[in-house]
Amino acid sequence: MIEMQDVWKTYSNGTHALKGISVKIDRNEFVYLVGPSGAGKSTFMKLIYREEVPTKGQISVNGFNIGRLKQRKIPYVRRNIGVIFQDFRLLPKLNVYENVAFAMEVVEAPKKVIRKRVPEVLELVGLRNKANRDPSQLSGGEQQRVAIARAIVNSPSVIIADEPTGNLDPETSWGIMQLLDEINFRGTTIVMATHNKEIVNTMRKRVIAIEHGNIVRDEMRGEYGYEF
Amino acid sequence: MSFSTLLRQFREGAKSVFRNGWMSVASITSIIVSLLVLGVFIMLVININSFADDADSQVQISVYLESKVDDALRDKVMAEIQTMPEVSEVTLIPKNEGLKEFKDKLGVEGKDLLEGYTEETNPIPDTFKIKLIEPTTAPFVASKISALNDTHPDKPIYKVNYGKGTIEKLFKVTRTVRNIGLIFVAGLALMAMFLISNTIRVTILARRREIGIMKLVGATNAFIRWPFFIEGALIGLIGSVVTVAVLFFGYQELEQVVAADMTLAFQLVPMKQVALKVGGLLLGLGLLIGIWGSTMSIRKFLKV
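Everything numeric here is computed off the predicted structure, so don't read it as measured data. (Residues numbered from 1 in each chain as written. Chains lettered and ligands numbered in written order. Predicted model: local features only at pLDDT ≥ 70, side-chain atom pairs only at ≥ 80, totals over all residues.)

Caption draft 1: Summary view of the nonpolar core. One finds L33, V100, A149, I160 and V191 of chain A to be the most contacted residues of the largest nonpolar core, which totals 72 residues. Per element, the largest residue contribution to this core is seven residues, and it comes from helix α3 (residues 96–105) of chain A. Excluding residues that lie within four positions of it along the chain, A149 of chain A makes contacts with V100, V121, L122, V125 and L127 of chain A. Judged by nonpolar contacts, the second largest core, of 31 residues, contains V17, I31, I204 and A233 of chain B. (Core = buried A, V, L, I, M, F, W, Y, C linked by C-beta atoms within 7 Å. Buried ≥ 20, exposed ≤ 12 C-beta atoms within 10 Å, placed from the backbone. Helix = DSSP H or I, 4+ residues; strand = E, 2+ residues; numbered from the N terminus. Contact = placed C-beta atoms within 7 Å.)

Here it is, written out as C-alpha cells:
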C-alpha cells in the first residue's frame, strides 16, 4: 500500500529532513507517527501525498511510483488520499454541506452522486443536522469532523492526518479518535502524526517514531515513549 | 467535462469579475482604450485605402475646353487626343450633362445654388475625361494635350488636369497611419494584458486557500484553471463589446455628418460593408488579450 525504500529528503535550504527511511504500511493499518517537532513527521506525510518529492529513494503509494509521477497524474493519486490538518482548512464562505460537496465537485462527480453521498458522510461524522451551518458557527471538534468528512467523501484508501487533535480539548479529541477508528474499521488505512501521549497509549496501534530524519522505533501496539 | 461542471466553472469565473470590482473595471477600461484606438485606426486606414483605390481607378486626365469652342472644333480635338497611343478611352461630357452631374453631386441641399443656371447660361464647359492605358504616363500625356493648343489658332483648351502626386501622397499617408497605429495598438494591448493578468493575480491570491484545498483533494490543473480562464475571457469580451458599440455608433454619426456636408468631396465607406469584419476582429482580439492575460498569471501558480 505505502512503501518507502531508503528515502532521503533534503530541502533547498540544506535541511536534511529524512535520512534513509524504509518502511512498509499495509492496507487497513492504523499508524501513529510520533517524535519531536522538526524530526521529519510532516515531510514523511507530505511525501505520501506528493506535496514533496524525495531527493533520493523510492516511494510507492497504491502502486504509483510517487517520485517519478508525471505532473498530470498527481491529481488522480491524490483522489485516493484524504488529508486532515490540525487547523482544519475549511472554506469559510461555504457551509458544512458545501465544504464537503466541494471535494466532490472538483473531482467532477455527478450532481446526483454528490447529493446522495454528502449526507451519508455527514451522518457518519455526526453533523447531519448542522449541514447548513457556516464553519464559524461550529466548535473546533465539529470543524474537524467537517474536515474529516471532506477527506473521506471521495472514499480514499488512505487518510493522512497531521495532528488532527492538536487544537482540540481532550474530550473532543476522543470523539475524533473514535471517528478515525471507525473509518479505519471500515477499511481505510490511516497514518496520523500526533503529540498526544494519552491517545497513543490508550488506543493502541502501530507506532513509528521518527527522530532526526530516521525511524528509531517501529512497534505494533506501541507506546508513545516521550514525556511531553 | 459534464454540463454541471461547466456551469460551475462559468459561475465561478463570472463571480470573480464582480468580486474584483475596480480591478475588473480597470482591466475592461484598458481593453476598451486599446481596442478603440485600434478600431479608429482601422476605420481610418479602410477609408483612406478606399479613397486611394477610387482615385487610382480614376486616374485620368480632365480636359476643360473654352466655353466658346463650337462642336466641330470640339470633335476635332477629341479625335486628335484619341489617336494618341497612350490613350485608351476618351469620353465627352457635354456642357449640359456636366451641369446635371454637378447638380446631382450637390444634392438636395445644393439645389438652390444652381437654380439660376439654365442651358444657355451654363458656366460649365465641355469636358473630356481621358482614361490612360498606363496611369503613370499621365504627366506626359497631359503636356502633349496642352501642346495641342499651339496647333489651333483658337486655343480651344482652357485647362488640363491630372491628379499630380495625389495618389502617391495618399499611399504614403496610409502607410504612415498604419505603422503609427500598429505601434500604438501594440503598446496599449500590452498594457491591457498586464492589467488583466494583475487582476487575475488578485483573484488567485484571494483564492489561494481554495486552490490549495482543490489540489489536495485531487482537482486537475485544467479544472482549477477554467474559472480564471473564463474570468479573463469575460473581461476581454465585455471590453470589446463596449468598444464595438462605441466605435460603430460614432462611425454611424460621422457617416451622416460626412454625407450631409457637401463641401467634402468624398463619402465614408458604408458601415454595413465593414461592420462584420471590424467587429469580429475587435471581439476576437479582446478575447485573445483577456485569455492571454489570465493564462500568464495562472501558469506560475499551478506548478505545485
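Caption draft 2: Focus on the pairing of strand β8 (residues 189–193) of chain A. All names here are of chain A. Along β8, five of the five residues are buried, which leaves the element largely enclosed by surrounding structure. Residues of β8 alternate between two faces, with T189, V191 and A193 on one and I190 and M192 on the opposite face, all of them buried. As paired elements, strand β3 (residues 30–34) and β8 share four bridges and run parallel to each other. Pairing of L33 across the sheet is with A193, part of β8. As judged from the five bridges shared by strand β7 (residues 158–162) and β8, these two strands associate in the parallel manner. Following the sheet pairing, V158 is matched in β8 by T189. (Pairing = 2+ DSSP bridges.)

Caption draft 3: Broad picture of the sheet that holds strand β1 (residues 60–65) of chain B. Residue and element names in this part refer to chain B. The strand order β2-β3-β1-β4 describes an open sheet built from four strands, whose pairing is antiparallel. Each of the sheet's edge strands pairs with one partner strand only, and the pair in question is β2 (87–93) and β4 (157–161). Direction aside, neighbouring strands of the sheet carry axes that sit 20° apart on average. Direction of pairing for β1 relative to strand β3 (residues 127–132): antiparallel, over a ladder of five bridges. Residue pairing across strands places Q60 opposite K131, the latter belonging to β3. Along the sheet face, helix α3 (residues 71–82) touches β1, β2 and β3 and points at about 160° away from the line of β2. Running over the sheet, helix α5 (residues 138–151) touches β1, β2, β3 and β4 and is turned about 175° from β4. (Axes fitted to C-alpha atoms, helices over the stretch in contact; angles between N-to-C directions.)

Caption draft 4: Quick look at unusual backbone geometry. All names here are of chain A. One non-glycine residue, N62, lies in the positive phi region at around 50°. Mapped onto the secondary structure, N62 falls in the loop between β4 (56–61) and β5 (64–65). The class of N62 is partly exposed, set by 15 C-beta atoms lying within 10 Å. Phi angles above zero are rare outside glycine, and E163 is one such case at about 50°. The residue E163 is located in the loop between β7 and α6 (170–185) in this model.

Caption draft 5: Broad picture of the interface of chain A and chain B. Facing the 15 residues of chain A at the interface are 15 residues of chain B. By residue class, the composition of the side of chain A that touches chain B is eight nonpolar, one polar and six charged. (Nonpolar A, V, L, I, M, F, W, Y, C, P; charged D, E, K, R; others polar.)

Caption draft 6: Up close: the packing of helix α1 (residues 3–19) of chain B against helix α8 (residues 221–260) of chain B. Residues and elements named next belong to chain B. Where α1 contacts α8, the two axes come as close as 8 Å, and the packing angle between them is 55°. Accordingly, the angle class assigned to the pair α1 and α8 is oblique. Pair α1 / α8 crosses with right-handed handedness. On the side of α1, the interface is formed by Q9, F10, E12, G13, A14, S16 and V17, while α8 contributes W226, P227, I230, E231, L234 and I235. (Parallel < 35°, antiparallel > 145°, perpendicular 65-115°, else oblique. Left-handed = near helix turned anticlockwise from the far one by under 90°.)

Honestly, it's all geometry; don't read function into it.
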